[in-house]
Amino acid sequence: MKNKKATKHEQDPTGQYANRKKAFRDITTRLNNANKRALKLWQNIDAKKTTRKKVVNEKLDFYLYDLTSFDLEQVKREIETIINEENETDMFLIPFLWFYKSYLEIAMRSGVIQESSWINTIIPRPLLSFDSILSSQKYNDLLTKAFNNNYSSLKSLSEKTIKQVFDVINRGIESGASKSSIRRDITKRFQVAKSAAKRIVETEINKAYNDARMETISQQINAGAPLAVQHISALLATTRPHHAIRHGKAYTPQQQLNWWNQGSNRINCKCTTRSIVVNNDGTVKNKSAQNIVIKRGRDWFNSD
């Protein structure tokens, strides 16, 4: 049997596990707080704004809630306020101190610094320092784009959660469901929201890191460095075959970006890239070093 063990770095070559964990814990806390506030709202509505009559009809309990359409609209507005306040998604534009910015900044800064450090090991005199890349307009445009895209994603998550929570309340009232049944359904909707949030975090933190790493390589190439992009797959059982097969292979930055942006290739992707030195014709200069990386991936993914 071939060696199936993989180091932590091989399993998560972006090194963003801790950052992703903190970001997801932050969002989870916010959604849990929103869940508690929504349940309290529901409890208060039952006590203050509804009358409940228990009607026995074919041995089924049916509950009548004395809520007008105006009352329901107020409930919806309050749910909207609760969720948007917790996720800080109540504004059209990104809040200046939006909580999620820090996680993206950590990912992107790490991408630039780590790629620059790697380039220092394969090129005697790198043409650009990591400070010059971090202060470049292209990098800052990329950071702003990451902020905007992630704010849009989390704002969309808030909007969907608002709709789903209100829908289960509305349907429960219409169907005569019990107070406790509607309460459980509210919590289930927040569980769904947490699953969606995890997918956003797992995808977007790594994307921010990889985009910054790719931008570092591109800027070095534009400055005259003889580099290409080497795909580094995550040595995980969950890595998709068409991701695994790219391990160690070299591409231009545009080829790598085109592939990543196809279909669902970015979603939950733990792969990354690093630079590799190429000849004038674009072929890899140190083929033996590249083959070691390719063989490592092939042996791992093909082992029992």
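Residues numbered from 1 in each chain as written. Predicted model: local features only at pLDDT ≥ 70, side-chain atom pairs only at ≥ 80, totals over all residues. Heavy atoms only, no water.

Trainee: Even after reading the chapter, I still don't get the nonpolar core, so can you show me in this structure?
Mentor: Nonpolar side chains tend toward joint burial in soluble globular proteins. In terms of nonpolar packing, the biggest core is built from 53 residues, with I79, Y100, I169 and I186 touching the most fellow members. Elements with a minimum of two residues in this core: helix 2 (17-48), strand 2 (60-65), helix 3 (69-87), helix 4 (101-122), helix 5 (130-134), helix 6 (137-175) and helix 7 (179-222). Sort the elements by how many residues they give to this core and helix 6 lands first, with 14 residues. Among all residues touching Y100, those that are not within four sequence positions of it are A23, I27, N150, L154, V201 and I205. Among the nonpolar cores identified, the runner-up in size contains 12 residues, and I123, W260, C271 and V277 belong to it. (Core = buried A, V, L, I, M, F, W, Y, C linked by side-chain atoms within 4.5 Å. Buried < 20%, exposed > 50% of the residue type's maximum accessible area, 1.4 Å probe, protein only. Helix = DSSP H or I, 4+ residues; strand = E, 2+ residues; numbered from the N terminus. Contact = heavy atoms within 4.5 Å.)

Trainee: Where do I start with the packing of helix 6 against helix 7 in this structure?
Mentor: The description of two helices packed together rests on the angle between their axes and the distance between the axes. Two elements in contact, helix 6 and helix 7, have axes separated by 10 Å at closest approach and are oriented at 170 degrees. The angle between the axes of helix 6 and helix 7 places the two elements in the roughly antiparallel class. Its residues placed into classes, the contact of helix 6 with helix 7 shows 17 nonpolar, 7 polar and 6 charged. (Axes fitted to C-alpha atoms, helices over the stretch in contact; angles between N-to-C directions. Parallel < 35°, antiparallel > 145°, perpendicular 65-115°, else oblique. Nonpolar A, V, L, I, M, F, W, Y, C, P; charged D, E, K, R; others polar.)

Trainee: So what exactly am I meant to see when it comes to helix 9 (residues 253-260) here?
Mentor: What sets the pattern is the α-helix's 3.6 residues per turn: residues three or four places apart point alike. Regarding helix 9, the residues found buried are P253, Q256, W259 and W260. The buried residues of helix 9 all sit within an arc of 130 degrees when viewed along its axis, so they share a single face. Packed against the buried residues of helix 9 are helix 7, strand 3 (227-232), helix 8 (241-244), strand 4 (250-251) and strand 5 (272-277). (Arc of directions from axis to C-beta.)

Trainee: Where do I start with the pattern of salt bridges in this structure?
Mentor: If the charged atoms of two oppositely charged side chains come close together, the side chains can form a pair. This structure, assessed with the given rule, holds 14 salt bridges. The salt bridge involving D211 is made with R266; its shortest N-O contact spans 2.8 Å. Placement of the pair is D211 in helix 7 and R266 in the loop between helix 9 and strand 5, with a sequence separation of 55 residues. Through salt bridges with shared partners, a single ionic network connects D12, R20, K198, E202 and K270. (Salt bridge = Lys/Arg side-chain N within 4 Å of Asp/Glu carboxyl O.)

Trainee: What should I look at first to understand the environment of R246 in this one?
Mentor: Mapped onto the elements, R246 comes out in the loop between helix 8 and strand 4. Taking the C-alpha atoms as reference points, R246 and R298, 52 residues apart in sequence, are found 9.8 Å from one another. If we skip the residues at most four places from it in the chain, R246 touches H231, S233, Y251, Q256 and W259. Among the polar contacts listed, one links the side chain of R246 to the side chain of Q256, at a separation of 2.9 Å. (Polar contact = N/O pair within 3.5 Å; in protein donor to acceptor, adjacent residues only side chain to side chain.)

Trainee: It is not clear to me how the packing of aromatic side chains should be interpreted in this structure. Could you clarify?
Mentor: All chains considered together, the criterion is met by 8 aromatic pairs. Ring centres of W42 and Y65 lie 5.8 Å apart, and the angle between their planes is 40 degrees; on these two criteria the pair is classed as tilted. Taken together, the positions of W42 in helix 2 and Y65 in strand 2 put the pair 23 residues apart, joining distant regions of the chain. With respect to class, W42 is no different from Y65; both count as buried. Between Y100 and Y103, the ring centres sit 5.8 Å apart and the planes meet at 55 degrees, which makes this aromatic pair tilted. By relative accessible area, Y100 is classed as buried at 0%. Residue Y103 is classed as buried on the basis of its relative accessible area, which comes to 11%. Members of the aromatic cluster, connected to one another through ring pairs, are W98, F99, Y100, Y103 and Y151. Residue placement shows R246 over the ring face of Y251; its charged tip is 3.9 Å from the ring centre. (Phe/Tyr/Trp six-rings, centres within 6.5 Å; stacked < 30°, edge-to-face > 60°. Lys NZ or Arg CZ within 6 Å of the ring centre and 35° of its normal.)

Everything listed here is a matter of coordinates, which is why it stays silent on function.
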